[in-house]
Amino acid sequence: RDSQPLEAKAACPTQAVFLLTLPMSDSPAQGSFFYPNTSDDPDRTDVLRNKFGIETHSELRIEEYRATAFRMAEIAEGDGPQG
């Protein structure tokens, strides 16, 4: 299997960003973060799994904007984080 070692890059001595490269595989991982690509339609390719169950980029974008606007309205009304 191809794999690369763990790398550390530091912007300053107290701060480091670690990049981990895992072994490459030809098969999709079980429990993938993406819905399976079952179509050649680019709108249905590499769509993140989501709580809405939406499997197209265009529909997911609309629902994400709707949910964000709703939450922003809640926060503006005082239902935001306390503390």
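Residues numbered from 1 in each chain as written. Predicted model: local features only at pLDDT ≥ 70, side-chain atom pairs only at ≥ 80, totals over all residues. Heavy atoms only, no water.

Some remarks on the overall build of the protein chain
1) Next: Each helix and strand counted, the protein chain has 1 helix and 2 strands in total.
2) Next: Going from the N terminus to the C terminus, the protein chain shows its helices and strands as β-β-α.
3) Next: Put simply, the protein chain has 83 residues, and 10% of those count as buried.
4) Next: Considering only intrachain contacts with a sequence separation of at least 6, the fraction spanning at least 24 residues in the protein chain is 0%.
5) Next: Surface accessibility of the protein chain: about 7500 Å² in total, with carbon and sulfur atoms responsible for 55%. (Helix = DSSP H or I, 4+ residues; strand = E, 2+ residues; numbered from the N terminus. Buried < 20%, exposed > 50% of the residue type's maximum accessible area, 1.4 Å probe, protein only. Contact = heavy atoms within 4.5 Å. Areas by Shrake-Rupley, 256 points an atom, 1.4 Å probe, with all protein chains shown as cover.)

Observations concerning unusual backbone geometry
1) Next: Even without being a glycine, Asp46 presents a positive backbone phi close to 55°.
2) Next: Among the secondary structure elements, Asp46 is positioned in the loop between strand E2 (15–19) and helix H1 (57–79).

Some thoughts on the side chain of Asn50
1) Next: Here Asn50 is to be found in the loop between E2 and H1.
2) Next: Looking at Asn50, its side chain comes within polar contact range of the main-chain oxygen of Leu48, at 3.1 Å.
3) Next: Looking at Asn50, its side chain comes within polar contact range of the main-chain nitrogen of Gly53, at 2.8 Å.
4) Next: In this view, Asn50 contacts Tyr35 and Leu60; residues no more than four positions away in its chain are not counted. (Polar contact = N/O pair within 3.5 Å; in protein donor to acceptor, adjacent residues only side chain to side chain.)

Quick word on the pattern of salt bridges
1) Next: Counted under the stated rule, the structure contains 2 salt bridges.
2) Next: Here Arg66 ties to Glu63 by a salt bridge, and the two come within 2.8 Å at their closest N and O atoms. With Arg66 and Glu63 both in helix H1, this residue pair falls 3 residues apart, about one helical turn.
3) Next: Given a relative accessible area of 19%, Glu63 falls into the buried group. (Salt bridge = Lys/Arg side-chain N within 4 Å of Asp/Glu carboxyl O.)

Concerning the environment of Leu60
1) Next: Mapped onto the secondary structure, Leu60 falls in helix H1.
2) Next: We classify Leu60 as buried; its relative accessible area is 9%.
3) Next: Expressed as a C-alpha distance, the spacing of Leu60 and Leu48, which sit 12 residues apart in the sequence, is 9.1 Å.
4) Next: When sequence neighbours within four positions are dropped, the list of residues in contact with Leu60 reads Val47, Leu48, Asn50, Phe52 and Ile54.

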